[in-house]
Amino acid sequence: MATGLLEGKVALITGAARGIGKAIALKLASEGASIAFTDLKEDDNFRNTVAEIGALGVKCRGYASDASDYEQSHNTVERIHKDFGRIDILVNNAGITRDGLMMRMSELQWDSVITVNLKSAFNFTHAVVPVMARQRGGSIINISSVVGVNGNAGQCNYSASKAGLIGLAKSIAKEMGSRGIRANAIAPGFIVTDMTNALPQEVRDEWNKKIPLRRGGTPEDIANVALFLASDLSSYVTAQVIVCDGGML
Ligand code: NAD
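A quick note: this is a predicted structure, and the numbers were derived from the prediction, not measured.

Undergrad: Just checking my understanding: could you explain the packing of helix α1 (residues 19–30) against helix α2 (residues 44–54) for this structure?
TA: For any two helices packed against each other, one specifies the inter-axial angle together with the distance between the axes. Between α1 and α2, the least distance of the axes is 10 Å, while the angle of their chain directions is 20 degrees. One element, α1, and the other, α2, form an angle in the roughly parallel class. Judged by the twist between their axes, the crossing of α1 over α2 is right-handed. Residues K22, A25, L26 and A29 of α1 form the contact with α2, whose own contacting residues are T49, E52 and I53.

Spelled out as structure tokens, the structure:
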């Protein structure tokens, strides 16, 4: 009988009640992983995600938790470790945009994006790494962005946070490789989610024109890369950034 690539593994995904995080949770669950995910509140999206993952026949629990809060994140990881007994995969996915040109950017815009996108990854990685070190293995995946590699006008806060996630993954890979912990980043291009649907149609059309494959990506396109990095298919891949952007960069 065929078994999933992630049978017996426990995956923790932040900000996974919708969008890319949810697609990653569903993909990892479809390969047999038990799923613990976080999001800000227990709303309809959150409850639907628990139900959809549970319907795949794996254990799934959602945790209402603000990933940018150090205490809450550590408490959440402690609860997840107690509930699931181990943590093999961490996907630092929670993220927001507060776009604006540098000349007009407020301190609040800067601080909120850096805190939610970058500090959250520190919070969860810091809490999970001791668990993975004791298990002598694990895979950490930071959801960065093409703009973290190339920059983007109007997104200096977001681009800096996403570049930071690449530096964080590469450094963890170097610090923790001897304990069997791998860390990589995915740099998605223009992916069709609620985050990008909030952009005006003209902006979305402009993005599509720049993409050789002539379409925005789907959350599942990113989930497929996450599955590769989460599983032993990538057992000799660490400290890398995988760009998944339809050729845009
Ligand atoms: P989304 O807005 O649809 O989903 C983000 C999720 O994160 C939401 O469910 C939200 O509630 C949650 N979240 C926000 N702040 C949180 C916090 N403090 N604690 C816990 N959860 C929180 O966005 P998406 O498009 O699915 O993006 C997911 C990730 O992918 C983000 O990090 C984003 O920057 C990145 N990304 C997206 C694109 C794209 O084109 N959509 C491109 C590159 C990178």
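That was the structure; now back to the text.
Undergrad: Sorry if this is basic, but what is going on with the pattern of salt bridges here?
TA: When their charged atoms lie close together, side chains carrying opposite charge are able to pair. In this structure the tally under the stated criterion is eight salt bridges. Across the pair R18 and D194 runs a salt bridge whose closest N-O atoms are separated by 3.4 Å. Here R18, found in the loop between β1 (10–13) and α1, pairs with D194, found in helix α7 (residues 194–197); they are 176 residues apart in sequence, far enough to count as distant. Its relative accessible area of 44% is what places R18 among the partly exposed residues. On the basis of relative accessible area, D194 is assigned to the partly exposed category, the value being 45%.

Undergrad: I would appreciate a short explanation of the pairing of β1 in the present structure.
TA: Along a regular strand, successive side chains alternate from one face of the sheet to the other. A two-sided burial pattern is seen for β1, the buried positions comprising V10 and L12 on one face and A11 and I13 on the other. With four bridges connecting them, β1 and strand β2 (residues 34–39) associate as parallel partners. Bridging from a neighbouring strand, L12 pairs with A36 of β2. Crossover β1 to β2 through α1 is right-handed. For β1 and strand β4 (residues 89–92), the ladder comprises three bridges, and the chain directions are parallel. When the bridges of β4 are listed, L12 appears paired with L90.

Undergrad: How do you make sense of the site of the ligand when you look at a structure like this?
TA: In the vicinity of the ligand, 26 residues are found, and the nearest of them are R18, D39, N93, Y158 and T193. Y158 is positioned such that a nitrogen or oxygen atom in its side chain is 2.5 Å from an oxygen atom of the ligand. Within the side chain of T193, one N or O atom sits 2.5 Å away from an oxygen atom of the ligand. For the ligand, whose free accessible area comes to 830 Å², the fraction covered by protein is 93%. Looking at side-chain class alone, the shell around the ligand contains 12 nonpolar, 10 polar and four charged residues.

Undergrad: When you look at the packing of aromatic side chains in this model, what are you seeing that I'm missing?
TA: Within a pair of aromatic rings, the relevant descriptors are the distance that separates the centres and the angle that separates the planes. In this structure the tally under the stated criterion is three aromatic pairs. Seen from their ring centres, Y70 and F122 are 6.3 Å apart, and the 25 degrees between their planes marks the pair as stacked. Here Y70 is found in helix α3 (residues 70–84), whereas its partner F122 is found in helix α4 (residues 107–135), with 52 residues between them in sequence. Here the aromatic rings of F190 and W207 are separated by 5.6 Å at their centres, their planes lie at 15 degrees, and the arrangement is stacked. In this pair, F190 is assigned in the loop between β6 (181–188) and α7 and W207 in helix α8 (residues 201–209), connecting sequence segments 17 residues apart. Residue classification places F190 among the buried residues on the basis of a relative accessible area of 7%. On the basis of relative accessible area, W207 is assigned to the buried category, the value being 17%.

Undergrad: Just checking my understanding: could you explain the sheet that holds strand β3 (residues 60–64) for this structure?
TA: Paired through their backbone hydrogen bonds, the strands of a sheet run either parallel or antiparallel. Here we have seven strands laid out as an open sheet, ordered β3-β2-β1-β4-β5-β6-β7, and parallel in their pairing. Unpaired on one side and paired on the other, β3 and β7 (241–244) mark the two borders of the sheet. Strand-to-strand twist across the sheet, computed as the mean angle between neighbouring axes with direction ignored, equals 15 degrees. Bridge count between strand β5 (residues 138–143) and β6: six bridges; the pairing is parallel. Bridging across to β6, I141 finds its partner in N184. Strands in contact with α2 are β2 and β3; relative to β3, the strand with the most contacts, it is inclined by about 165 degrees. Contacting β5, β6 and β7, helix α6 (residues 156–176) crosses the sheet at an angle of about 160 degrees to β6.

About the thresholds
Residues numbered from 1 in each chain as written. Predicted model: local features only at pLDDT ≥ 70, side-chain atom pairs only at ≥ 80, totals over all residues. Heavy atoms only, no water. Axes fitted to C-alpha atoms, helices over the stretch in contact; angles between N-to-C directions. Helix = DSSP H or I, 4+ residues; strand = E, 2+ residues; numbered from the N terminus. Parallel < 35°, antiparallel > 145°, perpendicular 65-115°, else oblique. Left-handed = near helix turned anticlockwise from the far one by under 90°. Contact = heavy atoms within 4.5 Å. Salt bridge = Lys/Arg side-chain N within 4 Å of Asp/Glu carboxyl O. Buried < 20%, exposed > 50% of the residue type's maximum accessible area, 1.4 Å probe, protein only. Pairing = 2+ DSSP bridges. Right-handed = clockwise from strand over helix to strand, strands pointing away. Near = heavy atom within 4 Å. Polar contact = N/O pair within 3.5 Å; in protein donor to acceptor, adjacent residues only side chain to side chain. Areas by Shrake-Rupley, 256 points an atom, 1.4 Å probe, with all protein chains shown as cover. Nonpolar A, V, L, I, M, F, W, Y, C, P; charged D, E, K, R; others polar. Phe/Tyr/Trp six-rings, centres within 6.5 Å; stacked < 30°, edge-to-face > 60°.

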